[in-house]
Amino acid sequence: MEVNGRAVTTEVDGRMLLSDFLRGVIGLTGTHVGCEHGYCGSCTVLIDGASARSCLMLAAQANGSMVSTVEGLADGEQLSIVQQAFKSCHGLQCGFCTPGLLMAVSEMAAETASSPSRDLIREQLAGNLCRCTGYHQIVDAVEQALGSTSRGPR
Amino acid sequence: MKPPKFRYHAPSSLDEALDLLATYGDDAVVLSGGQSLIPMLNLRLARPAEVVDIARIDGLGYVEAGECSVSVGALVTHRKMETDPEVARLLPMAREAAGLIGFRAIRNRGTVGGSVAHADPSAEWPAVLLALDGSVEMRSSSGVRQVDASDFFKSVFTTARRPDEIVSSVRFGSRFAGNWGFSEFQRRTGDFAVVVAAVACADSSDRSGETRVALAGVADRPVRCAEAEAALADASDPRAAAEAARDAFDPAGDAHGSTAYRKQLVYAQVLRAATQALTRRAGRRPDG
Ligand SMILES: Cc1cc2nc3c(=O)[nH]c(=O)nc-3n(C[C@H](O)[C@H](O)[C@H](O)COP(=O)(O)OP(=O)(O)OC[C@H]3O[C@@H](n4cnc5c(N)ncnc54)[C@H](O)[C@@H]3O)c2cc1C
Ligand code: FES
Ligand code: FES
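No experiment lies behind these values; they were computed from the predicted model shown.

Engineer: Before we go on, may I ask you to explain the overall build of chain B in this structure?
Structural biologist: Scanning chain B for helices and strands turns up twelve helices and 14 strands. C-alpha extents for chain B along the principal axes are approximately 55 × 45 × 30 Å. Among the 288 residues that make up chain B, the fraction classed as buried is 53%. Long-range pairs, those at least 24 residues apart, make up 63% of the contacts in chain B between residues at least 6 apart in sequence.

Structure (structure tokens):
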């Protein structure tokens, strides 16, 4: 598989989850693990550009795919537009939910042409739980990010 | 928790997959989108010895319109059903239902075939399949068979499928597909529905007056409600249909709602879906 543009070739146990592979085997601990049954969204990554729960995928299922994680968003010190918006709108507190949210919003940013309504943003992000922010600032951040980009995750 | 130990197989052809199932029988499970199976592995509710990942098999990802039906390959994702223009045109009910399944990331990976094979009694696809006179195609190394949706779903997570069979496609009837209504109630966006109602009816010019009212979340499998169908066929009366459906079932109460609450939900969802179907049949757009 390719992770954030880097080829990764290795053998894994059939039962190894993609989330554990990313965190434990290749050291990308930005992807967080909350519930391991698909509800919290903190483990969200992109597989060939489409959001997926890395806790609900075997690493083996990602064989041959392009996997994008939160570590791949920034370009060196330069944050992506979505990351920058979360920072300036205080879209995070403890940061546990943030990597999953950033990936889900990056998917939205890549395909949303016009600025979505706050209701639509809330609906689209219903699968990403946050225990800290109360969501308002997250929606602010998404509005800012999607208002200023029309194409591409940056 | 983590999945138990198993052997992972990734066959590249259907024949290879069917051979694996024929060899391992009850010890093997099929893996498609994994959005139900992997949570079950993580919770160790399933402990298969062999996992046969069919996602790399070509030719199970099509949507194909026939004369009076639309065939959907087992590996078509919920997301494709939600966004495919052909689905929107031919099976608008299916598009509506697809968008209500789980969250975006779940819809990106979960498949129609997997949902049908899983047979969760609250799931959308089985109800839509019943409402549209659908059927399920299964293949094994000894052949292929087609089973009507009304015979396929047996009980909670239990279907007519044998362990050596793969669900290869499902077929939705397009006869009534234009006169449709669909309504469901979720506690929170993305949760499984508590009650799902799917209604389809014949054109006004069709003297048969045939109607389908399918429900999920009221029994151990998706069911049609003959009493509600009769009320719609005889009098085109959504309110009478909703009352008939409410009185026809006694869904078991649980943490998500008592029996009385669920019966009230049945009333509300059938009323909405039936009203939408009749409005569309009259050539108008339902509001809200
Ligand atoms: C957070 C969350 C919310 C969800 N919400 C909903 C919801 O609102 N509504 C809903 O309907 N579903 C919901 N789901 C479940 C989701 O729709 C699954 O995608 C679906 O139930 C199973 O499809 P799958 O392709 O992921 O199958 P898998 O998980 O791969 O398989 C499920 C079962 O079916 C068997 N199987 C799979 N494919 C085949 C086949 N082709 N032939 C034979 N057997 C097969 C497997 O062996 C397994 O037993 C939710 C899931 C999650 C994690
Ligand atoms: S850890 Fe994957 S959704 Fe919660
Ligand atoms: S910032 Fe703490 S969970 Fe979202």
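Engineer: What should I look at first to understand the interface of chain B and chain A in this one?
Structural biologist: How big an interface is tends to be reported as the loss of accessible area on association of its parts. Residue-level contacts link 26 residues of chain B with 20 residues of chain A. Looking at the side of chain B that touches chain A, the elements with two or more residues in it are β1 (7-9), α2 (37-42), β3 (50-53) and α6 (104-109) of chain B. Here the side of chain B that touches chain A takes five residues from α6(B), the largest share from any one element. Residues that form the side of chain B that touches chain A fall into these classes: 14 nonpolar, six polar and six charged.

Engineer: What am I meant to see in the environment of B:Ala160 here?
Structural biologist: All names here are of chain B. With respect to the helices and strands, the residue Ala 160 is situated in the loop between β9 (158-159) and β10 (166-173). Considering only alpha carbons, one finds Ala 160 and Met 138, 22 residues apart in sequence, at a separation of 9.7 Å. Look past the residues within four positions of Ala 160 in its chain and what remains in contact with it is Val 147, Asp 151, Phe 152 and Lys 154.

Engineer: Can you walk me through the nonpolar core in this structure?
Structural biologist: Within soluble globular proteins, side chains that are nonpolar tend to cluster in buried spots. Membership of the largest hydrophobic core comes to 132 residues, with the highest contact counts inside it found for B:Met93, B:Ala198, B:Val199, B:Leu215, B:Ala245 and B:Val270. Among residues more than four places away in sequence, those in contact with B:Ala245 are B:Val213, B:Leu215, B:Cys225, B:Glu227, B:Ala228, B:Val266, B:Tyr267 and B:Val270.

Engineer: How should the pairing of strand β7 (residues 143-148) of chain B be read in this particular structure?
Structural biologist: Moving residue by residue along a regular strand, the side chains alternate between the two faces of the sheet. Residues and elements named next belong to chain B. Pairing of strand β6 (residues 135-140) with β7, which is carried by six bridges, proceeds in the antiparallel orientation. In the strand pairing of β7, Val 136 is matched with Val 147. Connecting the antiparallel pair β6 and β7 is a turn made up of two residues.

Engineer: Just checking my understanding: could you explain the site of ligand 1 for this structure?
Structural biologist: Among the 30 residues in the neighbourhood of ligand 1, the closest are listed as A:Gly38, B:Gly33, B:Gly102, B:Gly110 and B:Gly114. One finds residues of chains A and B in close proximity to ligand 1. Breaking the shell around ligand 1 down by element, the ones donating at least two residues are β2 (28-31), α2, α7 (112-118) and β10 of chain B. Counting residues per element, the shell around ligand 1 draws most heavily on α7(B), at five residues. A breakdown of the residues in the shell around ligand 1 according to their chemical character gives 14 nonpolar, 13 polar and three charged. The residues that make up the shell around ligand 1 include at least three from each of domain 1 (7-53) and domain 2 (63-173) of chain B.

Engineer: Even after reading the chapter, I still don't get the packing of helix α11 (residues 238-248) of chain B against helix α12 (residues 259-281) of chain B, so can you show me in this structure?
Structural biologist: Each packed pair of helices is defined by two parameters, the angle between the axes and the distance between the axes. Residues and elements named next belong to chain B. Between α11 and α12, the least distance of the axes is 8 Å, while the angle of their chain directions is 150°. Crossing handedness for the pair α11 and α12: right-handed. Packed against α11, whose contacting residues are Pro 238, Arg 239, Ala 241, Ala 242, Glu 243, Ala 245 and Arg 246, the element α12 presents Lys 263, Val 266, Tyr 267, Val 270, Leu 271, Ala 274, Thr 275 and Leu 278 at the interface. Broken down by class, the residue content of the contact of α11 with α12 amounts to ten nonpolar, one polar and four charged.

Engineer: Please explain the packing of helix α10 (residues 226-235) of chain B against α11(B) as it appears in this structure.
Structural biologist: Residues and elements named next belong to chain B. Where α10 contacts α11, the axes come no closer than 7 Å and their chain directions differ by 165°. Regarding the angle of α10 to α11, the classification is roughly antiparallel. Between α10 and α11 the crossing geometry is right-handed. Contacts from Glu 227, Ala 228, Ala 231, Leu 232 and Ala 235 in α10 reach Ala 240, Ala 241, Ala 244, Ala 245 and Ala 248 in α11. Taken together, the residues of the contact of α10 with α11 sort by class into nine nonpolar, no polar and one charged.

Engineer: Help me understand the domain arrangement of chain A, please; the structure alone is not making it clear to me.
Structural biologist: All names here are of chain A. For chain A, the assigned domains are domain 1 (2-72) and domain 2 (81-148). A C-alpha centroid distance of 21 Å is found between domain 1 and domain 2. With 14 residues of domain 1 at the interface, the matching set in domain 2 holds 13 residues. For the side of domain 1 that touches domain 2, the secondary-structure elements that each account for two or more residues are β3 (44-47) and β4 (50-53). Of all the elements, β3 adds the most residues to the side of domain 1 that touches domain 2, at three residues. Counted by class, the side of domain 1 that touches domain 2 contains six nonpolar, eight polar and no charged residues.

What counts, and where the lines are drawn
- Residues numbered from 1 in each chain as written.
- Chains lettered and ligands numbered in written order.
- Predicted model: local features only at pLDDT ≥ 70, side-chain atom pairs only at ≥ 80, totals over all residues.
- Helix = DSSP H or I, 4+ residues; strand = E, 2+ residues; numbered from the N terminus.
- Buried ≥ 20, exposed ≤ 12 C-beta atoms within 10 Å, placed from the backbone.
- Contact = placed C-beta atoms within 7 Å.
- Nonpolar A, V, L, I, M, F, W, Y, C, P; charged D, E, K, R; others polar.
- Core = buried A, V, L, I, M, F, W, Y, C linked by C-beta atoms within 7 Å.
- Pairing = 2+ DSSP bridges.
- Near = placed C-beta within 6 Å.
- Domains from an automatic or database assignment.
- Axes fitted to C-alpha atoms, helices over the stretch in contact; angles between N-to-C directions.
- Left-handed = near helix turned anticlockwise from the far one by under 90°.
- Parallel < 35°, antiparallel > 145°, perpendicular 65-115°, else oblique.

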